[in-house]
Amino acid sequence: MYIEVRNAVKQFLCKNPAGGDEKFVTVLGDVSLSIERGEFVCLLGPSGCGKTTLVNAMAGFEKLTSGSVVIDGETVTRPSPRYVTIFQNYGLLPWRSVRKNVELGLESSGLTPEERDVTAERYLKLVNLSAFAEQHPCRLSGGQQQRVAIARALAVNPEILFMDEPFGALDAITRYKLQNDLREIVRRECKTVVFVTHDIDEAVFLADHIVVMEPNPGRIRKILPVKLSHPRVRNESGFVELRKEIFREFFHVSDRSIEYFI
Ligand SMILES: Nc1ncnc2c1ncn2[C@@H]1O[C@H](COP(=O)(O)OP(=O)(O)OP(=O)(O)O)[C@@H](O)[C@H]1O
Ligand SMILES: [Mg+2]
């Protein structure tokens, strides 16, 4: 298996709101998960169920209290250039042009400036932003900035993309468009993706497997395969059925009452 999360437990030392001593809160309680190379996996769950903690542990940003993450046979102890993380707030450097932002990760790669330019151009083209290469991020819309962040991540040719609610701040139409673009790009570039979301539709649209999580402590409730072909159609019966099934997992509601929600 390419990515293996084995019995991951994460505890944080938290202030007791009622005063008194600090105490340990278990945020991830014994999470195990296997992901194959080339898979697109969505971690789906309500706020606070530990999605960010889990993806950060996989990407090497968060140390587990116990358990381990193994990627391609190696235990993860720190972030690696073989995998990149894309956050919700784009993380672009405002004083650099779009092109220079995309080149950021290439500056320590030994490429010549010309080679860096060629690589940046390739990925800007892929996300359809060549025309904006010399602009600064503040001149771009949220969706465009997020595409720059994706281009920057892909430019270093990572094996894995970890994405933590990357489209959370975008309007619905831009979000749909980027979901399409992302799915197409990772198919062409053969990447493995671990994508955090709390949006059921987004997960059904994107994932090969949906890992449904629940809180207190954060754990996996169910892993659902998504067998629908791409590009997926949101009002197609298989899509709607799966969305309902996940909804039931979240809210434990009956078939009848679910019609009020979706
Ligand atoms: N550094 C920290 N110290 C203490 N508690 C933390 C820390 N980071 C996260 N937590 C707690 O861990 C729990 C899980 O947080 P996490 O950010 O992983 O959730 P999440 O599923 O990503 O939520 P959201 O959908 O809101 O982003 C939360 O209750 C949070 O308060
Ligand atoms: Mg989060």
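As shown above, the structure is provided for reference.
Our subject in this report is the structure included herewith. On a predicted model such as this, the values are computed, not experimentally measured, just so you know.

Concerning the overall build of the protein
Summing up its helical and strand segments, the protein has eight helices and ten strands in all. Over its C-alpha atoms the protein spans a radius of gyration of 19 Å, differing by no more than 12% from the 18 Å that the globule rule assigns to 262 residues. Dimensions of the protein along its principal axes, counting C-alpha atoms only, are 55 × 50 × 40 Å. Counting all 262 residues of the protein, 49% fall into the buried class. Of the roughly 13,100 Å² of accessible surface on the protein, a fraction of 51% belongs to carbon and sulfur atoms. Here the protein holds 34 positive side-chain charges and 34 negative ones, and the gap between their average locations is 1 Å.

Section: the sheet that holds strand S8 (residues 192-197)
Ordered by their spatial adjacency, six strands build an open sheet running S6-S7-S8-S3-S9-S10, and the pairing between neighbours is mixed. Bordering the open sheet on either side are strand S6 (83-86) and strand S10 (219-225), each of which pairs with just one other strand. The mean angle between the axes of side-by-side strands here comes to 15°, regardless of whether they run parallel or antiparallel. With six bridges connecting them, strand S9 (residues 209-214) and S10 associate as antiparallel partners. Bridging from a neighbouring strand, Val-211 pairs with Ile-223 of S10.

Some thoughts on the nonpolar core
Judged by nonpolar contacts, the single largest core of 51 residues is most densely connected at Phe-40, Leu-161, Met-163, Phe-195, Val-204, Ile-210 and Ile-246. When sequence neighbours within four positions are dropped, the list of residues in contact with Phe-195 reads Phe-40, Val-41, Cys-42, Leu-43, Met-163, Pro-166, Phe-167, Leu-182, Glu-202 and Leu-206. Listed in part, the 27 residues of the second largest apolar core include Val-41, Leu-64, Val-69 and Val-76.

A look at the packing of helix H3 (residues 113-126) against helix H4 (residues 142-155)
Remark: H3 packs on H4, axes separated minimally by 9 Å, with the N-to-C direction vectors making an angle of 135°. As summarised for this structure, H3 and H4 are arranged oblique, according to the angle between their axes. Here H3 runs over H4; the crossing is right-handed. From H3, Thr-119, Tyr-123, Leu-124 and Leu-126 reach across to H4, where they touch Ala-151, Leu-154 and Ala-155.

Here's the deal with the sheet that holds strand S1 (residues 3-14)
Taking strand neighbours across the sheet as the criterion, the four strands line up as S2-S1-S4-S5 in an open arrangement whose pairing is antiparallel. The two strands at the open ends of the sheet, each matched to only one other strand, are strand S2 (23-35) and strand S5 (74-75). With nine bridges joining them, S1 and S2 adopt antiparallel strand pairing. Looking at S2, one finds that Phe-12 is bridged to Val-25. The strands that helix H1 (residues 51-59) touches are S1, S2 and strand S4 (66-71); relative to S2, the one it contacts most, it runs at about 60°.

Focus on the environment of Pro-94
Topologically, Pro-94 is positioned in the loop between S6 and helix H2 (98-103). Of the residues examined, Pro-94 reaches a relative accessible area of 52% and is grouped as exposed. Sequence separation between Pro-94 and Ile-173 is 79 residues, and the spatial gap between their C-alpha atoms is 25 Å. Ignoring sequence-local partners within four residues, the contact set of Pro-94 consists of His-136 and Pro-137.

With respect to the pattern of salt bridges
All chains considered together, the criterion is met by 21 salt bridges. Two residues, Arg-99 and Glu-121, come together in a salt bridge whose shortest N-O distance is 3.4 Å. One end of the pair, Arg-99, is in helix H2; the other, Glu-121, is in helix H3, with 22 residues separating them in the sequence. Under the relative-accessibility criterion, Arg-99 is labelled buried at 16%.

Things to note about the packing of aromatic side chains
The full count for this structure, using the stated rule, is four aromatic pairs. Measuring from centroid to centroid gives 6.0 Å for Tyr-83 and Phe-162, while their planes differ by 90°, and the two rings are edge-to-face. With Tyr-83 in strand S6 and Phe-162 in strand S7 (residues 160-164), this pair connects stretches of sequence that are 79 residues apart. Taken as a pair, Tyr-83 and Phe-162 share a single burial class, namely buried. Within the aromatic cluster, the residues linked to one another by ring pairs are Phe-40, Phe-167 and Phe-195. For the cation-ring pair, Arg-234 lies above Tyr-176, with the distance from its terminal atom to the ring centre recorded as 3.8 Å.

Definitions and limits used
Residues numbered from 1 in each chain as written. Chains lettered and ligands numbered in written order. Predicted model: local features only at pLDDT ≥ 70, side-chain atom pairs only at ≥ 80, totals over all residues. Heavy atoms only, no water. Helix = DSSP H or I, 4+ residues; strand = E, 2+ residues; numbered from the N terminus. Rg over C-alpha atoms; globule rule 2.2 N^0.38 Å. Buried < 20%, exposed > 50% of the residue type's maximum accessible area, 1.4 Å probe, protein only. Areas by Shrake-Rupley, 256 points an atom, 1.4 Å probe, with all protein chains shown as cover. Lys, Arg positive; Asp, Glu negative; His and termini not counted. Charge placed at Lys NZ, Arg CZ, Asp CG, Glu CD. Pairing = 2+ DSSP bridges. Axes fitted to C-alpha atoms, helices over the stretch in contact; angles between N-to-C directions. Core = buried A, V, L, I, M, F, W, Y, C linked by side-chain atoms within 4.5 Å. Contact = heavy atoms within 4.5 Å. Parallel < 35°, antiparallel > 145°, perpendicular 65-115°, else oblique. Left-handed = near helix turned anticlockwise from the far one by under 90°. Salt bridge = Lys/Arg side-chain N within 4 Å of Asp/Glu carboxyl O. Phe/Tyr/Trp six-rings, centres within 6.5 Å; stacked < 30°, edge-to-face > 60°. Lys NZ or Arg CZ within 6 Å of the ring centre and 35° of its normal.

Purely geometric numbers; function is a separate question.
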